[in-house]
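Chain residues, written in single-letter form:
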Amino acid sequence: MSAEGAPTDSAVDGRGLAVAVVAASWHQQVMDGLVAGALRRLAQAGVPEPTVIRVPGSFELPVVVGAVAPAHDAVVALGVVIRGGTPHFDYVCSAATTGLAAVAREHGVPVGFGLLTCDDEEQALTRAGLAGSVEDKGAEAAEAAVRTALVLRSLDPPG
Ligand code: DLZ
């Protein structure tokens with residue numbers, strides 16, 4: 001995941017949106033950075049009190065995102081999967097990715113995709129929005145979810 005080519009739009013106004021943040025718990029330092037980045041960006045967008053839910057691992061993200069999606073305008077899914085010496089990495093990444101895309105489509109609710117898939121912890125830390133990080137993927141996922149919720153709202157304005 002690289003930030004090259006990322007949009008540089010102006011500030012987003014998400015006031016009035018109901019947003020949930022669903023975050024896995026593996027790799028605590030990185031996860032703390034991702035969650036903090038998402039909450040920071042949501043506050044900047046006018047969403048100061050999102051629902052925050054922790055799940056055990058990234059594999060569990062889709063089922064919980066699917067459970068909260070109907071009551072929210074957008075969901076931010078956060079997780080970190082670090083490549084190990086077994087194929088487990090591929091299974092967890094694949095299940096989380098396809099599962100999150102499926103629940104977004106099923107419910108028509110945007111899911112910000114803040115799942116880091118990294119070779120090692122150091123690579124994840126550079127993307128975690130911490131002091132010394134180069135990227136802030138939690139914030140990016142939150143902003144994408146809010147922007148997409150606004151797009152959907154503009155396509156289907158309240159009558
Ligand atoms: C089992 C596992 C492994 C090996 N690695 C990670 C990881 O790097 N990041 C993560 O979020 N979760 C990992 N898990 C846990 C799985 O996501 C899941 O929680 C367990 O397989 C139990 O269903």
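The structure displayed is predicted, hence computed values, not measured ones.

1. Focus: the overall build of the protein
On a plain count of helices and strands, the protein comes out with five helices and four strands. Going from N to C terminus, the protein has its helices and strands arranged as β-α-β-α-β-α-β-α-α. For the protein, whose C-alpha radius of gyration is 15 Å, the value lies close to the compact-globule estimate of 15 Å for 159 residues. Here the C-alpha coordinates of the protein stretch approximately 55 × 30 × 25 Å along the principal axes. For the protein, buried positions account for 45% of its 159 residues. The contacts of the protein with a sequence gap of at least 6 include a subset with a gap of at least 24, amounting to 78%. Here the protein displays about 8200 Å² of accessible surface, and carbon together with sulfur accounts for 56% of that area.

2. Some details on the site of the ligand
As a matter of local geometry, the ligand sits amid Trp 26, His 27, Gly 57, Ser 58, Phe 59, Glu 60, Val 80, Val 81, Ile 82, His 88 and Val 92. A distance of 3.5 Å separates an oxygen atom of the ligand from a polar backbone atom of Gly 57. In this structure, a nitrogen atom belonging to the ligand sits 2.7 Å away from a main-chain N or O atom of Val 80. Protein coverage of the free-state accessible area of the ligand, which is 480 Å², stands at 72%. Going through the elements one at a time, strand E3 (74-82) and helix H3 (88-107) are the ones with two or more residues in the shell around the ligand. Ranked by residue count, the leading element in the shell around the ligand is E3, at three residues.

3. Considerations on the sheet that holds strand E1 (residues 19-23)
Taking strand neighbours across the sheet as the criterion, the four strands line up as E2-E1-E3-E4 in an open arrangement whose pairing is parallel. What marks the edges here is a single partner per strand, and that holds for strand E2 (51-54) and strand E4 (111-118). Across the sheet, the mean angle from the axis of one strand to that of its neighbour is 10°, orientation sign disregarded. Bridge analysis of E1 against E2 gives four bridges, and the strand direction is parallel. Note that in E2 the partner of Val 21 across the bridge is Val 52. Helix H2 (residues 61-68) rests against E1, E2, E3 and E4 of the sheet, and its axis sits at about 165° to E1. Docked against the sheet, H3 engages E3 and E4, running at close to 170° with respect to E4.

4. Re the state of the cysteines
Applying the stated criterion to the full structure yields zero disulfides. Left without a disulfide partner, Cys 93 is nearest to the cysteine sulfur of Cys 118, which lies 8.9 Å away. With relative accessibility at 10%, the residue Cys 93 sits in the buried group. Given a relative accessible area of 2%, Cys 118 falls into the buried group.

Calculation rules
Residues numbered from 1 in each chain as written. Predicted model: local features only at pLDDT ≥ 70, side-chain atom pairs only at ≥ 80, totals over all residues. Heavy atoms only, no water. Helix = DSSP H or I, 4+ residues; strand = E, 2+ residues; numbered from the N terminus. Rg over C-alpha atoms; globule rule 2.2 N^0.38 Å. Buried < 20%, exposed > 50% of the residue type's maximum accessible area, 1.4 Å probe, protein only. Contact = heavy atoms within 4.5 Å. Areas by Shrake-Rupley, 256 points an atom, 1.4 Å probe, with all protein chains shown as cover. Near = heavy atom within 4 Å. Polar contact = N/O pair within 3.5 Å; in protein donor to acceptor, adjacent residues only side chain to side chain. Pairing = 2+ DSSP bridges. Axes fitted to C-alpha atoms, helices over the stretch in contact; angles between N-to-C directions. Disulfide = S-S within 2.5 Å.

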